[in-house]
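Structure at a glance
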Amino acid sequence: MKRRGTLTALALVLAMLLAGCQSAPKEAEKPTPTPAPAATEAPVNDSEFALSVRTLLARYDAEINQVSIQSPYNMDYTIPGDMLRQMASDAQQANAEAKEGRYQFIWQQSGNYAYHSTSEEALGGMAAEAPGATSDPDDETPMDSQLMGDYAVSGGGLFDRVRAYDVSETLESGKIEIVDTLNGAQTGHEAFSFALRGDSLFFVDAVLDMAVGVDSVAIQNGYLAAAGVLTPNGLDIIEYRIDDLTQLPDPAAMDINMLAQSVEIVSRLTAEGASVTAK
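Note that the structure is predicted; figures quoted are calculated from it, not measured. (Residues numbered from 1 in each chain as written. Predicted model: local features only at pLDDT ≥ 70, side-chain atom pairs only at ≥ 80, totals over all residues. Heavy atoms only, no water.)

Focus: helix α3 (residues 61–70)
- Among the residues of α3, Glu63, Ile64 and Val67 are the ones counted as buried. Down the axis of α3, the buried side of the element spans an arc of 95°, and every buried residue falls inside it. (Buried < 20%, exposed > 50% of the residue type's maximum accessible area, 1.4 Å probe, protein only. Helix = DSSP H or I, 4+ residues; strand = E, 2+ residues; numbered from the N terminus. Arc of directions from axis to C-beta.)

Below you can see the structure in the form of C-alpha cells.
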C-alpha cells in the first residue's frame, strides 16, 4: 500500500481486490516467483524499455534508500519509482513497442470478486478474496492504508483497473493515468507525469480524494496532489490539495520552491544525502 488520503476501510478492500486482479482473464497466470538476480545482472527476459527504466531509477536508489531509513512512514517518496517500475512491467506484459518515438499503450486488469472484511482484517493487511484470486505485492495502488473505527463491509462485483501510458522512448517525459471502477462506477483515479531535466527527475501525482462509508465509496471534490524533484543526492516533495487536474504543474517547467509558496502545504519532505526533514 502506498500514498496518502482521506480513505478508510472500504477503499483498502477495493484496492486489495484489484491487486488480486493479476489473475484476471486478461493476463496469463504468473509462474512461481524465483529469487531476484544480483544487482549487477539484468533479468534475462527484460525488454530494452524495462532495462532503460531500471537504469534511470538506479541513479536515485542510494538517495531513496537513505530517505526510507530516516522516514519510513512517509511513503510519498516512493511515487516515481513505483509508477515507473509498474510502467516497465506493463509495457513488457503488453509487448508494447515505440512508435514515432513514444510508447503509448493501455494495460487493463479486471475480474469478478466477492469480499467481506472487518477493521481487524484490513489493519492486518488482509481481505477475503474470491477463490483463485492472488495478490501481487508489487502492484501499485493509489489508495491509502490508514484505517480508523469499527466496521464490517461486504459486497462484490466487477472490479476493473485501466492504466494508460504515454511516454517518450528516451524516458525524458511521460504521463500515466489510472482509473478504477466497481460495477461501472468510478472508485479511483490517479494522474502521474514526469520530466527528466539533467540529473533531476521532476514529477507530479494526483489521487482522487474520496470518503468511505460503511457500504459505499463517495467521491469528494478535488484531488490530493504530490509534486517533487528527485536527484542522486536529494529529494524535495510537497503534498497539497487541488480542485481538478488542470491545476497540476507541468514537471518540465516546475519550480518546486515557487510551487510551495503558492499552495497550502499538507506535508513536505526534504532530503540531502542522509539528512531528512519531514513537516
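A closer look at helix α2 (residues 48–58)
- Along α2, the residues that are buried comprise Phe49, Ala50, Val53, Leu56 and Leu57. Viewed along the axis of α2, the buried residues span an arc of 120°, placing them on a single side of the element. Seen from the buried face of α2, the exposed residues on the opposite side, beyond 90 degrees, are Glu48 and Thr55.

Thoughts on the confidence of the model for the protein chain
- Summing up the model confidence of the protein chain, the mean pLDDT is 77 and the portion of residues at 70 or higher is 65%.
- Across residues 125–148 the pLDDT falls below 50, and counting only partners more than four positions away or on other chains, this stretch makes 75 contacts in the model.
- Note on residues 212–216: pLDDT is under 50 here. Beyond four places in sequence and across chains, it has 10 contacts. (pLDDT = per-residue confidence, 0-100. Contact = heavy atoms within 4.5 Å.)

Brief notes about the packing of aromatic side chains
- All told, the structure shown has 3 aromatic pairs when counted by the stated rule.
- Sitting over the face of the ring of phenylalanine 202, arginine 197 holds its NZ or CZ atom 3.6 Å from the ring centroid. (Phe/Tyr/Trp six-rings, centres within 6.5 Å; stacked < 30°, edge-to-face > 60°. Lys NZ or Arg CZ within 6 Å of the ring centre and 35° of its normal.)

Considerations on the pattern of salt bridges
- Going through the model one piece at a time under the given rule, you end up with 7 salt bridges.
- Note that arginine 163 is salt-bridged to aspartate 90, the shortest N-O span being 2.6 Å. Taken as a pair, arginine 163 in strand β2 (residues 152–168) and aspartate 90 in helix α4 (residues 79–93) lie far apart in primary sequence, 73 residues in all.
- Accessibility expressed as a relative area gives 2% for aspartate 90, which makes it buried.
- Measuring nitrogen to oxygen at the nearest pair gives 2.7 Å for the salt bridge that ties aspartate 166 to arginine 102. (Salt bridge = Lys/Arg side-chain N within 4 Å of Asp/Glu carboxyl O.)

Structural notes on the pairing of strand β7 (residues 234–242)
- Among the 9 residues in β7, 8 count as buried, and that is most of the element.
- Direction of pairing for β7 relative to strand β8 (residues 265–272): antiparallel, over a ladder of 7 bridges. Across the sheet, isoleucine 237 pairs through a bridge with leucine 269, a residue of β8. (Pairing = 2+ DSSP bridges.)

So, the environment of serine 200
- Along the chain, serine 200 falls in strand β5 (residues 200–212).
- Taking the C-alpha atoms as reference, serine 200 lies 5.7 Å from leucine 230; in sequence the two are 30 residues apart.
- Sequence-distant contacts of serine 200, defined by excluding residues within four places in its chain, comprise Tyr60, Ala195, Val229, Leu230 and Thr231.

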